[in-house]
Amino acid sequence: MFWTSDFMIGVYIVAGLLVLLALRDRIAGGTVIIRNFPIVGHLRYLLIEVGPELRQYLVANNREELPFTRSERQWIERSAEGANNYFGFGTDDMVYGTGYPIIKHAVFPYGEVSFADKSKDNKTFAIPSAKVIGEWHKRANPYRPKSIINISAMSFGALSGRAIESLNRGAKLADLYHNTGEGGCSRHHRHGADVCFQIGTGMFGCRDEQGRFSPERLVKLVNDVPQIRMIEVKLSQGAKPGKGGVLPGKKVTWEISEARGVPIGHDCVSPNAHVEFTNADELIDFVETVAQLTQRPVGIKSAVGQIEFWEELADKMAKDPTRGPDFITIDGGEGGTGAAPLTFADHVSLPFKTAFPRVYKIFHDRGIAKDIVWIASAKLGFPDRAMVAFAMGVDLLHIAREAMISIGCIQAQKCHTNLCPTGVATQNTWLAKGVDPEIASKRLARYVDSFRKELLAVTHACGYQHPCQIKASDIELCSGPNSFSPLAQYLGYEPVKPRSPYEQGEKMATQMVELVSKKGGPDAPHRANTMRLDKAKLREALAKTASQPINKS
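**Student:** Explain the confidence of the model for the protein chain here, please?
**Tutor:** Low-pLDDT stretches of the model should not have their predicted coordinates read in fine detail. For the protein chain, the mean per-residue pLDDT works out to 86, and 86% of the residues sit at or above 70. Across residues 545–553 the pLDDT falls below 50, and counting only partners more than four positions away or on other chains, this stretch makes 23 contacts in the model.

**Student:** Which parts of the structure should I look at to understand the packing of helix H7 (residues 215–224) against helix H9 (residues 280–294)?
**Tutor:** Working note: a packed helix pair is described by the angle between its axes plus the distance between those axes. The N-to-C vectors of H7 and H9 enclose an angle of 45°; their axes lie 9 Å apart at closest approach. The angle between H7 and H9 places the two elements in the oblique class. Considering how the two elements wind past one another, H7 and H9 form a crossing that is right-handed. Facing Pro 215, Leu 218, Val 219 and Val 222 of H7, the residues of H9 in contact are Val 290, Leu 293 and Thr 294. Residues belonging to the contact of H7 with H9 are distributed by class as follows: 6 nonpolar, 1 polar and no charged.

**Student:** It is not clear to me how the nonpolar core should be interpreted in this structure. Could you clarify?
**Tutor:** For soluble globular proteins, the rule of thumb is that nonpolar side chains tend to be buried together. In terms of nonpolar packing, the biggest core is built from 116 residues, with Trp 310, Phe 352, Phe 363 and Leu 397 touching the most fellow members. Here this core gets 8 residues from one element, more than from any other, and that element is helix H16 (residues 437–461). Residue contacts for Leu 397: discarding those within four places in its chain leaves Ile 148, Ile 149, Asn 150, Ala 376, Leu 380, Ala 386, Ala 389, Phe 390 and Phe 451.

**Student:** Hey, could you run me through the pattern of salt bridges in this one?
**Tutor:** In a structure, side chains of opposite charge can pair up when their charged atoms sit close to one another. The full count for this structure, using the stated rule, is 22 salt bridges. Residue Glu 288 pairs with Arg 139 through a salt bridge whose shortest N-O separation is 3.0 Å. Residue Glu 288 is located in helix H9, and its partner Arg 139 is located in the loop between strand S1 (101–103) and strand S2 (149–151); the two are separated by 149 residues in the primary sequence. Residue classification places Arg 139 among the buried residues on the basis of a relative accessible area of 11%. Among the charged side chains, a network of salt bridges with common partners joins Glu 165, Arg 169, Glu 438 and Lys 442.

**Student:** What am I meant to see in a nonpolar patch on the surface here?
**Tutor:** Nonpolar side chains collect at one region of the surface, where Ile 9, Ile 13, Leu 17, Val 19, Leu 20, Leu 23 and Ile 27 lie side by side and expose about 720 Å² of accessible area between them. Along the chain, Ile 27 falls in helix H1 (residues 2–28).

**Student:** Help me understand the pairing of strand S9 (residues 327–331) in this model?
**Tutor:** Within a regular strand, the side chains alternate between the two sheet faces. Of all 5 residues that make up S9, 5 are buried, and the element is covered over most of its length. The alternating pattern of S9 places Phe 327, Thr 329 and Asp 331 and Ile 328 and Ile 330 on opposite faces, both of which are buried. Direction of pairing for strand S8 (residues 298–302) relative to S9: parallel, over a ladder of 3 bridges. The partner of Ser 302 across the bridge, within S9, is Ile 330. One crossover worth recording links S8 to the parallel S9 by way of helix H10 (residues 308–319), and it is right-handed. Where S9 meets strand S10 (residues 373–377), 5 bridges bridge the pair, whose relative direction is parallel.

**Student:** What should I look at first to understand unusual backbone geometry in this one?
**Tutor:** Most peptide bonds adopt trans geometry, and most residues besides glycine take a negative phi value. Despite not being glycine, Lys 138 shows a phi value in the positive range, around 55°. With respect to the helices and strands, the residue Lys 138 is situated in the loop between S1 and S2. Here Lys 138 falls in the exposed class, since its relative accessible area comes to 72%. The phi dihedral of Lys 379 falls on the positive side, at around 55°, and the residue is not glycine. Relative to the elements of secondary structure, Lys 379 occurs in the loop between S10 and helix H13 (383–392). Lys 379 sits in the buried class, given a relative accessible area of 17%.

**Student:** What should I look at first to understand the sheet that holds strand S12 (residues 475–480) in this one?
**Tutor:** For sheets, the rule is that strands pair by backbone hydrogen bonds, running either parallel or antiparallel. What the 3 strands build is an open sheet, ordered S1-S12-S13; its pairing is antiparallel. The strands lining the two open edges of the sheet, one partner per strand, are S1 and strand S13 (483–486). Between one strand axis and the next, the sheet turns through 35° on average, direction left out of account. Taken together, the 3 bridges between S1 and S12 define a ladder with antiparallel strand orientation. Bridging across to S12, Ile 102 finds its partner in Glu 476.

**Student:** Would you explain the packing of aromatic side chains in this entry?
**Tutor:** Geometrically, a pair of aromatic rings is defined through the distance of the ring centres and the angle of the planes. Taken as a whole, this structure holds 16 aromatic pairs when the rule is applied. Seen from their ring centres, Phe 363 and Trp 374 are 5.4 Å apart, and the 75° between their planes marks the pair as edge-to-face. One end of the pair, Phe 363, is in helix H12 (residues 352–365); the other, Trp 374, is in strand S10, and 11 residues separate them in sequence. Taken together, the ring pairs connect Phe 352, Phe 356, Tyr 360, Phe 363, Trp 374 and Tyr 493 into an aromatic cluster. Sitting over the face of the ring of Phe 204, Arg 260 holds its NZ or CZ atom 5.1 Å from the ring centroid. Across from the ring centre of Phe 68, 5.5 Å away, lies the NZ or CZ of Lys 379, which sits over that ring.

**Student:** So what exactly am I meant to see when it comes to helix H6 (residues 161–174) here?
**Tutor:** Relative to the 20 Å expected for 14 residues at 1.5 Å per residue, H6 spans 20 Å between its end C-alpha atoms, a close match to the ideal helical length. Buried residues dominate H6, accounting for 10 of its 14 residues. Every buried residue belonging to H6 is among Gly 161, Ala 163, Ile 164, Glu 165, Ser 166, Leu 167, Asn 168, Gly 170, Ala 171 and Ala 174, and all of these are buried. Where the residues of H6 are buried, they touch S2, strand S3 (177–179), strand S4 (194–199), helix H14 (401–406) and H16. Immediately downstream of H6, the backbone of Asp 175 shows phi near 65°, a positive value.

**Student:** What is the right way to read the environment of Arg 187 from this model?
**Tutor:** In this structure, Arg 187 sits in the loop between S3 and S4. Sequence-wise, Arg 187 and Phe 156 are 31 residues apart; in three dimensions their C-alpha atoms are separated by 9.4 Å. Apart from the residues within four sequence positions on either side, Arg 187 is in contact with Trp 254, Glu 255 and Glu 258. For Arg 187, the side chain forms a polar contact with the side chain of Glu 258, separated by 2.7 Å.

Conventions adopted
- Residues numbered from 1 in each chain as written.
- Predicted model: local features only at pLDDT ≥ 70, side-chain atom pairs only at ≥ 80, totals over all residues.
- Heavy atoms only, no water.
- pLDDT = per-residue confidence, 0-100.
- Contact = heavy atoms within 4.5 Å.
- Axes fitted to C-alpha atoms, helices over the stretch in contact; angles between N-to-C directions.
- Helix = DSSP H or I, 4+ residues; strand = E, 2+ residues; numbered from the N terminus.
- Parallel < 35°, antiparallel > 145°, perpendicular 65-115°, else oblique.
- Left-handed = near helix turned anticlockwise from the far one by under 90°.
- Nonpolar A, V, L, I, M, F, W, Y, C, P; charged D, E, K, R; others polar.
- Core = buried A, V, L, I, M, F, W, Y, C linked by side-chain atoms within 4.5 Å.
- Buried < 20%, exposed > 50% of the residue type's maximum accessible area, 1.4 Å probe, protein only.
- Salt bridge = Lys/Arg side-chain N within 4 Å of Asp/Glu carboxyl O.
- Patch = residues over 30% accessible without salt bridge, like charges linked within 9 Å, V, L, I, M, F, W, Y side chains within 5 Å.
- Areas by Shrake-Rupley, 256 points an atom, 1.4 Å probe, with all protein chains shown as cover.
- Pairing = 2+ DSSP bridges.
- Right-handed = clockwise from strand over helix to strand, strands pointing away.
- Phe/Tyr/Trp six-rings, centres within 6.5 Å; stacked < 30°, edge-to-face > 60°.
- Lys NZ or Arg CZ within 6 Å of the ring centre and 35° of its normal.
- Expected span 1.5 Å × (residues − 1).
- Polar contact = N/O pair within 3.5 Å; in protein donor to acceptor, adjacent residues only side chain to side chain.

So, in structure tokens, the structure goes:
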């Protein structure tokens, strides 16, 4: 009887609360649905809230979800786990869909390396950059990235400290460089990987008390963080070009204050444009100033909209080839962001496959595209998309959301709410603690390693040593029912390709033969020739010295 009485009391309390909720909904409900359907109307908004998760697990097919399909996420996740990332029974993709790319294999592939199932193949393959950043302008410290795949700009603030640390530690394991994003080079970016320091409109990390560019603070930063190998001046990003932003003061913690150089608790403003330069001439001057101050290569990053700026920049660089950006990063309009207005994310700036060739062709027609290092970012973290990008003239790739997925992101699309359930894109301390940098960093390294192996496997299937050798004529795009056309036809150009770094490595090995033969003892010629002929050792040696420019003599 006692338990029955308690039970009834509980029922009355719940019923009373429901009545109060119903009255509140009817009188002061925030929406028509809530007012007209008290209590049960809340179910609609609950289902909307968990809709992405329901579609992920129960409704959508393998190729349906955006921005990354289930198949794409599974490939990343399996690669990150070191599991078998193969798929069975053949393709379920729409191979006759307009724009679908086909990579044309060679009858006689390049047969140097056999790639096995990831779970059985423990070899690792660095794919060094074919170009040396800063070599054209004779910078004091030119830089050859050890990997053609690197981590794109994601700021501490947009991502949690643990997520940034995981990316940096993973980058060190996989020999990548890590772009800081415009939020400054935080303590979480300083775990050993090479760093590309990004300067945005807010000048975070190199600003004075008034928010203007501070040469002294930039020089101090580069001296304090020797891992900074290159500087990127951000003009805009694909997801929200021309859009500034504000980080509310309540989110400006001591760590963010330290990284960005703004007072704790004060609003952190990112203007929509730079004040240090307003045209191509002033941009070139700023690039040269930063290069002189830091003794590092300097480039620019931009989305693509109006084309006149690029024509002006190319004309000036062609006229005076000693000045200007050492690299150009093109960010497609389909790129990611932590938060953006829907119109900007959907409609402002050209998507990558349209944006990149428009800019590249301008420099190609003036004969200087071959001298610039071209970097691409926009959902390119998969071997097929990478091959198309390299065929268009790209030299290096930046990956962002794919890297996030590898360390735990589930595409919940709650980045803008500070409630990322995996702790990757949030400053919520409780949620962020779910990210274990020790585990997540290894997951990133395994994903990149799988990416590079599959990229090399496809490259070899096409008959080449290095992805930089792929040509626009090696790719065809579906142009209609049962119709495919060469990529070169769409581009209007065939990119000028650099020499493979492996070919450059052969020249290095020949120099080693001569050197060791003279100074290494009676068996030196034999040892040197063995090293020259052993391509695997040659790759390893080149990867270790990849940050140094190749002697061209």
